[in-house]
Amino acid sequence: MLEIEIDGKQLQVPDGSTVMEAATQVGAYVPHFCYHKKLSIAANCRMCLVQVEKAPKPLPACATPVTNGMKVWTHSEQAVKAQKGVMEFLLINHPLDCPICDQGGECQLQDLSVGYGGVQSRYEEEKRVVSNKDLGPLVSTDMTRCINCTRCVRFTTEIAGLMELGQAFRGEHAEIMPFVEKTIETELSGNIIDLCPVGALTSKPFRFGARAWEMSRRKSVSPHDSLGSNLVVQIKNDQVKRVLPLENEELNECWLSDKDRFSYEALASEERLTRPMIKQGGQWTEADWATALEYVANGLKSVTAEHGAASIGALASPHSTLEELYLTQAVVRGLGSGNVDFRLRQSDFSADGKREGAPWLGMPVSKIGSLDRLFVIGSFFRKDHPLIAQRIRQAAKRGLKVSALNPAFDDWQLPVVNALNVRPSAMASSLLAVLKGLVEISGEAYDGEYAAALAGASSEPAARAIAESIASGRRSAVWLGNLAVQHQDAATLHALAQEIARVAKATFGVVGEAANSVGGYIANAVPVAGKGLNAAQMLASPLKAYLLLNLEPELDTAAGSSALRTLGKAEMVAVFSAFKSAAALEYADVILPVAPFTETAGTYVNCEGRAQSFYPVVKPRGEARPGWKVLKVIGDMLGLESCSVDSIEDVRKRVLGADGFVEPAKLGNAVHGVELKIAPASVRLERVADVPIYFADPIARRSAALQQTTDAAEPKARVSKATLAQIGIDSGARVKLVSSEGSVVVTLIEDEGVAGGCVRLAAAHVLTAPLGALNGEVSVERV
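Residues numbered from 1 in each chain as written. Predicted model: local features only at pLDDT ≥ 70, side-chain atom pairs only at ≥ 80, totals over all residues. Heavy atoms only, no water.

1. Quick notes on the overall build of the protein
Quick note on the threshold: Secondary structure elements are taken from DSSP: a helix is a run of H or I of four residues or more, a strand is a run of E of two residues or more, and numbering for both begins at the N terminus. The globule rule used for comparison is 2.2 Å times the number of residues to the exponent 0.38, while the radius of gyration itself is calculated over C-alpha atoms. Residue burial is assigned from relative accessible area. The probe radius is 1.4 Å, only protein chains are included, and a residue is buried under 20% of its type maximum, exposed over 50%, and partly exposed in between. In what follows, residue pairs with any heavy atoms lying within 4.5 Å of each other are defined as contacts.
Check the secondary structure of the protein and you find 24 helices and 32 strands. The globule rule puts the C-alpha radius of gyration for 783 residues at 28 Å, and the 28 Å found for the protein is close to it. Counting every position in the protein, which comprises 783 residues, the buried fraction comes to 61%. Expressed as a percentage of contacts within the protein between residues at least 6 apart in sequence, the contacts between residues at least 24 apart total 73%.

Encoded structure:
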């Protein structure tokens, strides 16, 4: 610890601290533009000049290391004179367009110019004008306002991991620009809007939407991925105008993914459902709530009386709130059925009844940075979990070694030291090879049930390298990603990953797909083994009645378009959704408008098991109602005691208890008694299905801005160069991809990230829905 005096205040700071950090500690504000606590030090704006004892001239606080006994004055005459001089230079070329600038009212330059700017400019020469740059559909530019702080450049390189911006030329001709004919394609691009201290980079969807002082600010939680990013939702006239990050160092830090930031556009979509609708004689008519609720309640009573309770099933999205999931299962179980599930894209349910608890990350998100070894199994990591990938990216700079097993790789924008690229059908045998290598390296005793499998395991060099990497770590983790959970042999992958973690003395975790991938288990929205049907079984053969909560079955389930055929054979399908889709108008009998996350209260349980409750920020649109209230009323009409609650707090207490926290005992990744399926790798082509980041849920799919990005482009079939040669088709050709469920016509392109013998084609898209299952064998035919 070093002694320092700032503005007459004595304090101790760790060796290596800067004057800026020390000043922050004592509450002394030092004006700055280029400095940011999460970015590297650039010291190019010079606004943070301070007076240091014995220094011949003012020094930048952000780049000056503390020395023992140092004395600093942040607001002395010398310091303020230097700061005012810098401000005069910064304002020389800056346009006086504050009245039309979206940054007005929340602009650092505007604020600091009040304290450090002059009343008039002495600069009479011609001002520079910088042309605007096309950074894509999310970020708008007014580059003449840029003060060249380089925050955006450092963010894309250091945090997003992708060098997409740079500074060209010198002196007053210096410009921030993307690379030639490129836009920003990182899934974290919106953060440069927050980082920009002036109005050079602003939100394109929000542009000219409202002034900062006109909007109210409300806290909320992201309904998308499993991190549960904290949000500030800004509203005006009961409309969501903008979404910003709410700083939480334990989760999203001060960042936000573009999906969390821009998906709010869907809330005003033309497809928003604002009144209940009932199909009568093949025609849709709007109805009042009493009529629609009676229709659902009477339909459930009729089906139960005629066909038995087991003929009713409920499918709920994992993006639904904890309270909605709980009341969905309460209605179904209250009627006597056990057919309820939220694991819509899962295809292997053989681990049901063999789990110890709800699958979770196995560690707090804030501890990710302390890992030194990580093995990721089956994940499109960067797109599936953008902000967790960002944490891994920073940890990799500090020495974390990442290994991965996947049938297709994107650029994760971080070093993957061992990448094992195999077919989906070979993933289990590859994990077995990793386990065998670990046992040989560590000498650790393995579970006896793996003896027979290990005896026949191969010794792949790549698998051995992964084993050596995991074994060499002191703080290691093994994670299952979305693809592994959705795999056709998911239970086998889970069991093998669990044993690898045990032998390596590593933390074992499941990253989780959606906002309530953990909460669905906590709410008991899963069938009890032997007493109910899972999602795949409910969509394999038709039931008499279905309740569908916040999902579009053709896009959000593993069944794809075949789900529509199954639902079309039911006597009654009740859809609870914020949106109406063309498909729902075909198979549904009644559609009830339920409120999205900004219009309802609820709770999400994130991947670390943290329950985060939130409240509505705007009134429900039209006649939409919170989903939990709709389900509660249906339960009351059916006379179900399990739905007898007075408030959302009552529902939450039933699930979480009075303290509102998830009991640690309810979380657990261990499975026991799983039968291992180590099948030989298929010799036919296999499909590898990723779920693109902006197709993953109904809200993201309806954000106009997100749907204009590169990540939302029409899916293409991707194969390796060797596979192209094997099937004898050139890259760029139109082909027909055929599965056991159906066929699609797509463009075939070369991608060396895809394992040999595989075709990567995205799921959750209307174009690819006819293929059905996310796994399995396919064939390719030239069109």
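2. Points about the pattern of salt bridges
This is how it is decided: Salt bridge, as used here: a side-chain nitrogen of Lys or Arg that lies within 4 Å of a carboxyl oxygen of Asp or Glu.
Tallied over the full model, the rule gives 40 salt bridges. For the salt bridge of R145 with D97, the shortest nitrogen-to-oxygen distance reads 2.9 Å. Of this pair, R145 sits in the loop between β6 (139-141) and α4 (151-159) while D97 sits in the loop between α2 (77-92) and α3 (108-116), and the two are 48 residues apart along the sequence. In this structure R145 comes out as buried when scored by relative accessible area, which is 5%. Residue D142 pairs with R145 through a salt bridge whose shortest N-O separation is 3.3 Å. One connected set of salt bridges, linked through shared partners, spans E271, R345, E513, E552, D556, R701 and R702.

3. Details of the packing of aromatic side chains
Where we set the bar: Stacked, edge-to-face and tilted are the three classes for Phe, Tyr and Trp ring pairs, Trp counted by its six-membered ring, which pair at centre distances within 6.5 Å; planes under 30 degrees apart are stacked, over 60 edge-to-face, the rest tilted. Charge-over-ring contacts are defined here by two conditions on Lys NZ or Arg CZ: a distance within 6 Å of the ring centre and an angle within 35 degrees of the ring normal.
A full pass over the atoms with the stated rule returns 6 aromatic pairs. With centroids separated by 5.0 Å and ring planes inclined at 55°, the aromatic side chains of F155 and W255 adopt a geometry described as tilted. You can see F155 sitting in helix α4 and its partner W255 sitting in the loop between β12 (239-245) and α6 (258-262), a full 100 residues away along the chain. Each member of the pair, F155 together with W255, is buried. Between the aromatic rings of F409 and W412, the centroid separation amounts to 6.0 Å while the plane-to-plane angle is 45°, which identifies the pairing as tilted. One exposure class covers both F409 and W412, and it is buried. An aromatic cluster is built from F381, F409, W412 and W479, whose rings are joined through pairwise contacts. The ring of F206 has R242 sitting right over it, with the charged end atom 4.5 Å from the ring centre.

4. Points about the UniProt feature "domain: 4Fe-4S His(Cys)3-ligated-type" (unreviewed entry) in the protein
Cut-off, in case you're wondering: UniProt positions are given in the numbering used here, feature names are shortened, and annotations may be inferred rather than shown by experiment.
Per the UniProt entry, the sites bearing "domain: 4Fe-4S His(Cys)3-ligated-type" (unreviewed entry) are residues 78-117 in this numbering. Between the C-alpha atoms that bound residues 78-117 the distance is 16 Å, and the span itself is 60% helix and 0% strand.

5. Overview of empty space enclosed by the protein
For the record, the criterion: Put plainly, a pocket is an open set of points on a 1 Å grid over the protein atoms alone with protein on both sides within 12 Å along at least five of seven lines, a cavity is a set where a 1.4 Å probe fits but cannot get out, and a lining residue has an atom within 4 Å of a point. Grid points are joined across faces, edges and corners, and a volume is the space filled by probe spheres set on the points. Only Asp, Glu, Lys and Arg are considered charged in this grouping, and only Ala, Val, Leu, Ile, Met, Phe, Trp, Tyr, Cys and Pro are considered nonpolar; every other residue, Gly among them, is considered polar. Marked domain ranges trace back to an automatic or database domain assignment.
For the structure shown, the criterion picks out 9 cavities of 30 Å³ or more. Space inside the largest cavity adds up to approximately 370 Å³. In terms of lining residues, the largest cavity is bounded by 26 residues, among which R343, Q346, V485, V510 and Y521 are the most central. Looking at side-chain class alone, the lining of the largest cavity contains 14 nonpolar, 7 polar and 5 charged residues. No fewer than three residues from each of domain 2 (277-352 + 517-662) and domain 3 (365-510) sit in the lining of the largest cavity. Estimates place the volume of the second largest cavity at around 300 Å³. Considering the residues around the second largest cavity, the lining is formed by 28 residues, among which N550, A578, F579, P596 and I699 are closest to the centre. Elements with a minimum of two residues in the lining of the second largest cavity: β23 (572-577), α20 (582-587) and α23 (698-701). The residue makeup of the lining of the second largest cavity, split by class, is 14 nonpolar, 9 polar and 5 charged. Looking at which domains feed residues into the lining of the second largest cavity, each of domain 2 (277-352 + 517-662) and domain 4 (686-782) gives three or more.

6. Details of the UniProt feature "domain: 4Fe-4S Mo/W bis-MGD-type" (unreviewed entry) in the protein
When the UniProt feature table is mapped to this numbering, "domain: 4Fe-4S Mo/W bis-MGD-type" (unreviewed entry) covers residues 215-271. Span residues 215-271 is 9% helix and 35% strand, its end C-alpha atoms 25 Å apart.

7. Some words on helix α22 (residues 648-656)
Heads up, the rule is: This arc is built from the directions going out from the helix axis to the C-beta atoms.
Considered for burial, the residues of α22 that qualify are I648, V651, R652, V655 and L656. Along the axis of α22, the buried residues cluster in a sector spanning 110°; they form a single face. Tucked inside the fold, the buried residues of α22 contact α8 (322-334), α16 (519-522), β25 (602-605), β26 (611-614) and α21 (627-637). Following α22 by one or two positions, G657 has its phi on the positive side, about 90°.

8. Some remarks on helix α11 (residues 427-442)
Heads up, the rule is: The span one expects for a helix is its residue count, reduced by one, times 1.5 Å.
With 16 residues, α11 extends 22 Å from end C-alpha to end C-alpha; this agrees with the ideal 22 Å at 1.5 Å per step. For α11, the tally of buried residues reaches 12 of 16 residues, placing the bulk of the element in the interior. Here α11 has its buried residues at M427, A428, S430, L431, L432, A433, V434, L435, K436, G437, L438 and V439. In the stretch just after α11, G443 is the one whose phi turns positive, near 70°.

9. Quick word on the pairing of strand β17 (residues 373-377)
Our working rule: One requirement defines pairing of two strands: DSSP has to find at least two bridges between them.
Burial analysis of β17 places 5 of its 5 residues in the buried class, the great majority of the element. Side-chain alternation along β17 places R373, F375 and I377 on one buried face and L374 and V376 on a second face that is also buried. Bridge count for β17 against strand β18 (residues 401-406) is 5 bridges, and the pairing is parallel. The residue bridging I377 from the neighbouring strand is L405, located in β18. Note: β17 against strand β20 (residues 476-480), 5 bridges, orientation parallel. Bridge pairing in β20 links R373 to S476.

10. A closer look at the nonpolar core
What counts is decided by this rule: In this text, buried Ala, Val, Leu, Ile, Met, Phe, Trp, Tyr and Cys residues form a nonpolar core when linked through side-chain atoms within 4.5 Å.
Grouped together as the largest cluster of nonpolar side chains are 75 residues, with contacts concentrated most on F33, M47, F155, I392 and W479. Put simply, the parts of the chain that give this core at least two residues each are α2, α3, α4, α5 (191-195), β17, α10 (386-397), β18 and β20. Filtering out sequence-adjacent residues up to four positions away, I392 remains in contact with I368, L374, F381, L400, V402, L414 and W479. Formed by 56 residues, the second largest nonpolar core is a distinct cluster that contains V331, V332, F342 and V662.

11. Describing the environment of E323
Counted only if it meets this: Two N or O atoms form a polar contact when they lie within 3.5 Å of each other; inside protein one atom must be a possible hydrogen donor and the other a possible acceptor, and for residues adjacent in sequence the pair counts only when both atoms belong to side chains.
Of note, E323 is situated in helix α8. Residue E323 is classed as buried on the basis of its relative accessible area of 1%. Beyond its immediate stretch of four places on either side in the chain, E323 contacts G602, T603, W628, I648, V651 and R652. Of the polar contacts made by the side chain of E323, one reaches the side chain of R652; its length is 3.0 Å.

12. A few points about the sheet that holds strand β10 (residues 216-221)
Heads up, the condition is: Lines are fitted to the C-alpha atoms to define the axes, a helix being fitted only along its stretch in contact, and any angle between axes, read from their N-to-C directions, falls within 0 to 180 degrees.
Ordered in space as β10-β11-β12, the 3 strands form an open sheet in which the pairing is antiparallel. Among the strands making up the open sheet, the edge pair consists of β10 and β12. Sheet twist, expressed as the mean angle between neighbouring strand axes with direction ignored, is 30°. The sheet contact formed by strand β11 (residues 230-236) and β12 spans 6 bridges and is antiparallel. Paired with V232 across the bridge in β12 is L244.

13. Some words on the side chain of H32
Along the chain, H32 turns up in the loop between α1 (19-26) and β3 (49-52). At a separation of 2.9 Å, a polar atom in the side chain of H32 contacts the main-chain carbonyl oxygen of V30. What H32 contacts, discounting residues up to four positions off in sequence, is M20, C45, M47, C48, Q108, L112 and R151.

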